[in-house]
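One-letter residues, chain by chain:
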Amino acid sequence: MANKFPNSHFTPTFLLYFLLLFSSITPNPIWAVNITALLSSFPDLSDFTSLLSSSSVASDLAHRSSLTLFVVPNPYLSASSDLTRRLSPTSRDDLLRYHVLLEYLSFYDLRRISPSGKLVTTLLQTTGRATNNFGSVNITYDHLTDVVSIRSPAPYSPSNATVLDLIKTLPYNVSIFAVNSLLVPYGFDLMASETRPPLGLNITKALIDGHNFNVAASMLSASGVVEEFEADEGGAGITLFVPTDNAFADLPANVRLQSLPADKKAVVLKFHVLHSYYPLGSLESIVNPVQPTLATEDMGAGSFTLNISRLNGSVAIDTGIIQATVTQTVFDQKPVSIFGVSKVLLPREIFGKNPVVTEKPGSSISGGAQPPAIALSPDNSAGFNGSPSHLSSPPGFREDLRSEAAIVDGLRRLGLALCCIGLYLVS
C-alpha cells in the first residue's frame, strides 16, 4: 500500500508502533501491596497493625491482588487483649486470616448486599483447618439503619461485628474497613493457647523406637527442623507423614535427596507435616482433601500442598507426582500424630518435570523484574475517626476512581510517548 503521507515521517509501521505504545497507557494492576505499611499511617490501628506485622499473614496478603480486610481499632481491640495474648502463634494467625476476605468489596458493594446476606470466603478457609464453610463470613446490610454486620455462617454464632468506617481503598484491589470487634470463627479452639502445657514429645526418639524410620530420624536431626516441629506441638498441633526406610531405599536413582541444598532439603521435610492434629479417623474422613503443609506456610499459599483421600480402604497421599499410602500409626496423642507412609513425598515444585522457582514470598528472584513500587498514603482515604457506628460515604468517593499509582504510571507513559514522537519528527 502506498504511503499517503510522502513528506511525513509517520509511516504505517511507525503509526502501528505509536498505537501499541499509546494503548499501553492504561492503569496497571497492583502486583503487591504492603498492608502493614499502608495501615501504619493510621495511629488508631496501631495495635491491630502490630498483630498483623508479627504474624505470617502479612506476607500472604502481599501476593494477593484482590482482598477486603477488616481491622479493629485500638479502643475495640483492647477488650480482646487477653484473648490475643493467650492464643498460640498459629491460632492467632488463623484468627487474623478470618479478617481477610478473598475478594474486593467496595463501599458501594457492601450497601448493595441484601438483608439475607452474602457468604464470602476468608483466608482461613484456604488453610484446611476450617470445617464445612466456617472459614467464611456472612455479611448483611440493614437498609433501614444503614448498618453492615459480619458474623460466622454457623447458627447462633457468638461472633458478631459491625462495620464502622471505610479506612482505605485501592480500587479495584484492596478495601480496608474498621469493625467494632474481633471476628472469631465458629468452632475456633480458644483453649489452643500457649498456656496449655506442651506434650514434650521427642520426635526423633519416637521414630527410632518405631524401628523402621532410622533414615527419616537421621535427616530430621541433621536438618534442625525437628526442633521447629516440636515447638509446633502446641496450638493446633501437627501431623507427620514419615517415610519408612524402605521408602528411602526405593527412591529413583535420579532423585538425589541428600544432594539438595540445606534450605530445599528443609522444605521437603516440612512438606511431610500438616500444621494441625489429625488422628487416623479424621484423615479417613477429611473434609478438605487439599491440605497445606508447613512448607506451604514458608513458600506461599497454594504451593506445596498434599491431596489426601481414601483409596481401597487406606489413606492415600498425593503430591502431584507421587502417591503414597499410610502404612501404620507410629504415635497418636493429641496434639501430635505420626504416621508411617510407603513413599517419600516428593513435591512437584522441586521434583516435577518443570519445577517452579521455590523462592520464599517476599524474596527477590534474580533476573526477574521487580513489581512496581506503590506510594501509599492516607490522602485518598476515608480515615477512621472512632465515633461513627455506621457507614458514612467518604467525601468525593467515586466507584470509578482509578488507582493513584496506575494514573501516575499512565501519565509517565504518555509523556514518554510524546517525547518519542517529538524526537522522531525533528530527526
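Residues numbered from 1 in each chain as written. Predicted model: local features only at pLDDT ≥ 70, side-chain atom pairs only at ≥ 80, totals over all residues. Heavy atoms only, no water.

Looking up the protein in an unreviewed UniProt entry gives the name Fasciclin-like arabinogalactan protein 4, with the organism given as Ziziphus jujuba. In its Sequence similarities (unreviewed entry) section, UniProt records this for the protein: "Belongs to the fasciclin-like AGP family." (UniProt positions renumbered as here; feature names shortened; annotations may be inferred.)

Chemist: I would appreciate a short explanation of helix α3 (residues 46-53) in the present structure.
Modeler: In an α-helix, one full turn covers 3.6 residues, which means residues spaced three or four apart are oriented alike. When α3 is considered as a whole, its buried residues turn out to be F48, T49, L51 and L52. Buried residues of α3 fall within an arc of 160° about the axis and therefore sit on the same side. (Buried < 20%, exposed > 50% of the residue type's maximum accessible area, 1.4 Å probe, protein only. Helix = DSSP H or I, 4+ residues; strand = E, 2+ residues; numbered from the N terminus. Arc of directions from axis to C-beta.)

Chemist: In this structure, what is going on with the sheet that holds strand β10 (residues 290-292)? I would like to understand it.
Modeler: Whether parallel or antiparallel, the strands of a sheet pair through hydrogen bonds between backbone atoms. A sheet is described by the order of its strands in space; here seven strands give the open sequence β9-β8-β14-β13-β12-β11-β10, paired in mixed fashion. The two strands at the open ends of the sheet, each matched to only one other strand, are β9 (273-274) and β10. When β10 meets strand β11 (residues 305-311), the two strands line up antiparallel, connected through three bridges. Following the sheet pairing, P292 is matched in β11 by T305. (Pairing = 2+ DSSP bridges.)

Chemist: Got a minute to help me understand the pairing of strand β4 (residues 136-142) in this structure?
Modeler: Note on strand geometry: in a regular strand, side chains alternate between the two faces of the sheet. Most of β4 sits out of view: five of its seven residues are buried. The sheet contact formed by strand β3 (residues 118-121) and β4 spans four bridges and is antiparallel. Directly across from T121, in β4, lies its bridge partner S136. Pairing of β4 with strand β5 (residues 147-151), which is carried by five bridges, proceeds in the antiparallel orientation. Following the sheet pairing, D142 is matched in β5 by V147. Between the antiparallel neighbours β4 and β5 lie four residues, among them D146 with a positive phi of about 60°.

Chemist: So what exactly am I meant to see when it comes to the sheet that holds strand β7 (residues 174-179) here?
Modeler: Overall, mixed pairing links the seven strands, which are arranged β2-β1-β7-β6-β5-β4-β3 in an open sheet. Each end of this open sheet is capped by a strand with a single partner; those strands are β2 (100-101) and β3. Judged from the three bridges that link them, β5 and strand β6 (residues 160-170) form a sheet pairing that is antiparallel. Each bridged residue has a counterpart across the sheet, and for I150 the counterpart in β6 is A161.

Chemist: Looking at this model, I keep getting lost on the packing of aromatic side chains. Mind explaining?
Modeler: Two descriptors summarise a pair of aromatic rings, namely the distance from one centre to the other and the angle between the planes of the rings. Under the counting rule described, the total for this entry stands at four aromatic pairs. Both rings, one in Y104 and one in Y172, keep their centres 6.1 Å apart while their planes meet at 85°; by these two values the pair is edge-to-face. Note that Y104 is positioned in the loop between β2 and α8 (107-110) and Y172 in the loop between β6 and β7, a separation of 68 residues in sequence. Given a relative accessible area of 11%, Y104 falls into the buried group. Between F241 and F339, the aromatic rings sit 6.3 Å apart at their centres with planes inclined by 25°, giving stacked as the arrangement. (Phe/Tyr/Trp six-rings, centres within 6.5 Å; stacked < 30°, edge-to-face > 60°.)

Chemist: Can you walk me through the confidence of the model for the protein in this structure?
Modeler: As a note on interpretation, predicted positions should not be read in detail where pLDDT is low. This prediction gives the protein a mean pLDDT of 75; 68% of its residues lie at or above 70. When pLDDT is averaged over each element of the protein, strand β1 (residues 67-71) comes out on top at 96 and helix α1 (residues 12-23) at the bottom at 46. Here residues 190-198 is a poorly scored stretch, pLDDT under 50, and it has 24 contacts once near neighbours within four places are set aside; other chains count. (pLDDT = per-residue confidence, 0-100. Contact = heavy atoms within 4.5 Å.)

Chemist: Sorry, what's going on with the pattern of salt bridges here?
Modeler: Where charged atoms from two side chains of opposite charge approach closely, those side chains can pair. According to the stated counting rule, one finds six salt bridges in the structure shown. For the salt bridge of K118 with E103, the shortest nitrogen-to-oxygen distance reads 3.7 Å. Of this pair, K118 sits in strand β3 while E103 sits in the loop between β2 and α8, placing them 15 residues apart in sequence. Judged by relative accessible area, which is 27%, E103 ranks as partly exposed. Its salt-bridge partner being D298, residue K270 comes within 2.6 Å of it at the nearest N-O pair. On the criterion of sequence distance, the pair formed by K270 in helix α13 (residues 262-270) and D298 in helix α15 (residues 294-299) is long-range, its members being 28 residues apart. Overall, the relative accessible area of 22% leaves D298 in the partly exposed class. (Salt bridge = Lys/Arg side-chain N within 4 Å of Asp/Glu carboxyl O.)

Chemist: Explain helix α10 (residues 214-223) to me, please; I cannot follow it from the model alone.
Modeler: The complete set of buried residues in α10 reads A216, A217, M219 and L220. Seen from one end, α10 has its buried residues packed into an arc of 165°, which puts them on one side. Immediately downstream of α10, the backbone of G224 shows phi near 90°, a positive value.

Chemist: Explain the side chain of T305 here, please?
Modeler: For T305, the position within the fold is in strand β11. Not counting chain neighbours up to four residues away, the residues in contact with T305 comprise F271, V290, Q291, P292, T296 and R348.

Chemist: Got a minute to help me understand the environment of E228 in this structure?
Modeler: Following the sequence through the fold, E228 ends up in helix α11 (residues 225-231). Sequence spacing of E228 and K270 is 42 residues, and the spatial spacing of their C-alpha atoms is 9.6 Å.

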